[in-house]
Amino acid sequence: MDKLKELIYNIMNTEFVNAVISNKRNKSSITDKVKLRHIIMKETDLVQITEYVNTKVIHKNMDFDEAAAYILDSMDNQFKQCQINTEKMAYSILVNKKGHAAIKSRPYENSPCTKNYVHNKSKNYLLPEGEPVDFLVELGVMNKDGYVLKAKYDKFRQINRFLQFIDDIVTKLPSKREVKIIDFGCGKSYLTFAIYYFLKFKKGMDVNITGLDLKQDVIETCNALARKLNYDKLEFLNGDIADYAAEDNVDMVVTLHACDTATDYAIAKAVSWNARVIMSVPCCQHEINKQIQSDLLNPVLKYGILKERMSALITDGVRAELLRENGYDAQIIEFIDMEHTPKNLLIRAVRKNISIKVKEDTEQNSKYMLEKLLNELNLNPTLKKLLAK
């Protein structure tokens, strides 16, 4: 096995491409076979190991020395055969019952093995990896060289996904004056900072953002970071959405994971301000769940989990329709799960510029169908009552 050990370590540290370990020594072994391949993840060379265990597939990543040790252990204890491919050579390894390894090698007869190492390949993110972004570094998403920390990669993707939704409608925002944005329930404010950075530094817009949250310690932390970064038109206030004082010329309202009817209060305020854009990721839609009744749907609603999911979908569908009634082009878009909730739908509404006649005709038809739905399901949602005022 010493000769095999030397060969494996040499291969893994030079021209390794891929490998397959198979032919179990013991038929009772739960692992049927293993595949390995060279990948590059976030500019780091690794070996991805895929274990086929009964009906399951298990993935793990190792460095080259770890992978070499993994292959040797597998051949010593679990498997009889291994096929390893490098850029120029193919190796067949067969280990007998006594542990002696027979090694055969041959060059590729046609063209050499082609590398295909790219994994999690760089996407066209609006905030690309490898370019340091000050707020992402301060919030622990990136290191000082601009590379995303492994534990924060989901957050990095979420931020870029959200910015893409904003980039799609950026032309709807004012271009010749200050853009006023309110973020209700801003929390730790990853996305609030992202909006400010993207619009100010990437788009060159004059932007003024206020973040609002109930947690005083969070507000103090966010204000301290905004001052440290010299984000002079980004401030955070402590307060409740329902009681927030009126603003003039609010262009965009953002409400992310505001619980239950807090989302409705934020949307209603946005409509009352005639905001051009509304971005809402609703959460915890309890109100409709308590109200919904339908003889027709009762065979489904009697199952709690189905009632909960249907209530959440109906809540957001009704919100979108109410926004349409009030002069907005509303969409419901799949987002990325927020950090503390699996909710992954975003309501994006853009104020329409349509004639009064068209608006009235559209509203009449929409109102009729919506009222029919609400009556059928015995619903009286908060947003409907707020907008009626």
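Residues numbered from 1 in each chain as written. Predicted model: local features only at pLDDT ≥ 70, side-chain atom pairs only at ≥ 80, totals over all residues. Heavy atoms only, no water.

A. Region of interest: the nonpolar core. Of all hydrophobic cores here, the largest spans 52 residues; its most connected members are Phe135, Phe162, Phe193 and Leu199. Of all the elements, helix α5 (residues 190–202) adds the most residues to this core, at 9 residues. Setting aside residues no more than four positions away along its own chain, Phe135 makes contact with Leu127, Tyr190, Phe193, Ala194, Tyr197, Leu229 and Tyr231. By size, the runner-up hydrophobic cluster in this structure holds 35 residues, among which are Val250, Ala270, Ala275 and Leu383. (Core = buried A, V, L, I, M, F, W, Y, C linked by side-chain atoms within 4.5 Å. Buried < 20%, exposed > 50% of the residue type's maximum accessible area, 1.4 Å probe, protein only. Helix = DSSP H or I, 4+ residues; strand = E, 2+ residues; numbered from the N terminus. Contact = heavy atoms within 4.5 Å.)

B. Region of interest: the environment of Leu323. Tracing the sequence through the fold places Leu323 in helix α10 (residues 304–325). Under the relative-accessibility criterion, Leu323 is labelled buried at 1%. In this structure the C-alpha to C-alpha distance between Leu323 and Ile347, which are 24 residues apart in sequence, comes to 9.8 Å. Setting aside chain neighbours within four positions, we find Leu323 in contact with Ile267, Val271, Ile278, Tyr328, Ala330, Ile347 and Ala349.

C. Focus on unusual backbone geometry. At Asn23, a position not held by glycine, the phi torsion is positive, near 65°. Position of Asn23 among the secondary structure elements: in strand β1 (residues 16–24). The exposure class assigned to Asn23 is partly exposed, which follows from its relative accessible area of 37%. With phi around 60°, Asn274 is a residue other than glycine that occupies positive phi space. The class for Asn274 is partly exposed, based on a relative accessible area of 42%.

D. Highlighting the pairing of strand β14 (residues 345–351). Of all 7 residues making up β14, 5 are buried, and the element is well covered by its neighbours. Where strand β12 (residues 277–283) lies against β14, 4 bridges are found, and the strand directions are antiparallel. The residue bridging Ser280 from the neighbouring strand is Ile347, located in β14. Taken together, the 7 bridges between strand β13 (residues 328–334) and β14 define a ladder with antiparallel strand orientation. If you follow Ala330 over to β14, its bridge partner there is Ala349. (Pairing = 2+ DSSP bridges.)

E. Up close: the side chain of Lys180. Along the chain, Lys180 turns up in strand β8 (residues 179–184). Reaching out from Lys180, the side chain makes a polar contact with the side chain of Asn208 at a distance of 3.1 Å. (Polar contact = N/O pair within 3.5 Å; in protein donor to acceptor, adjacent residues only side chain to side chain.)

F. View of helix α6 (residues 216–228). With 13 residues, α6 ought to run about 18 Å at 1.5 Å a step, and its terminal C-alpha atoms sit 18 Å apart, in line with that. Along α6, the residues classified as buried are Val218, Ile219, Cys222, Asn223, Leu225 and Ala226. Summarising the axial view, the buried residues of α6 lie within an arc of 160°, below the 170-degree limit, and thus occupy one face. Those residues of α6 that are exposed and angled more than 90 degrees off the buried face are Asp217, Thr221, Arg227 and Lys228. Along its buried surface, α6 packs onto α3 (134–138), α5, β9 (207–213) and β10 (234–238). In the stretch just after α6, Asn230 is the one whose phi turns positive, near 60°. (Expected span 1.5 Å × (residues − 1). Arc of directions from axis to C-beta.)

G. Layout of the pattern of salt bridges. What the rule picks out here adds up to 15 salt bridges. With a closest N to O distance of 3.0 Å, Lys228 and Glu138 form a salt bridge. Here Glu138 lies in helix α3 and Lys228 lies in helix α6, a separation of 90 residues in the sequence. Of the residues examined, Lys228 reaches a relative accessible area of 55% and is grouped as exposed. Connected via shared salt-bridge partners are Glu178, Asp206 and Lys233. (Salt bridge = Lys/Arg side-chain N within 4 Å of Asp/Glu carboxyl O.)

H. Main features of a nonpolar patch on the surface. On the surface, a cluster of nonpolar side chains totalling about 350 Å² of accessible area is made up of Val300, Tyr303, Ile305 and Leu306. Mapped onto the fold, Tyr303 is located in the loop between α9 (298–301) and α10. (Patch = residues over 30% accessible without salt bridge, like charges linked within 9 Å, V, L, I, M, F, W, Y side chains within 5 Å. Areas by Shrake-Rupley, 256 points an atom, 1.4 Å probe, with all protein chains shown as cover.)

I. Structural view of the sheet that holds β14. Taking strand neighbours across the sheet as the criterion, the 7 strands line up as β10-β9-β8-β11-β12-β14-β13 in an open arrangement whose pairing is mixed. Either end of the sheet is taken by a strand with one partner, and the two such strands are β10 and β13. The mean inter-strand angle of the sheet, taken between neighbouring strand axes irrespective of direction, is 15°. The pairing of strand β11 (residues 252–259) with β12 spans 6 bridges and is parallel. Bridging from a neighbouring strand, Met252 pairs with Val277 of β12. Along the sheet, α5 contacts β8, β9, β10 and β11; its crossing angle with β9, the most-contacted strand, is approximately 175°. Of the strands in this sheet, β8, β11, β12 and β13 touch helix α7 (residues 262–272), which is tilted by about 170° from β11. (Axes fitted to C-alpha atoms, helices over the stretch in contact; angles between N-to-C directions.)

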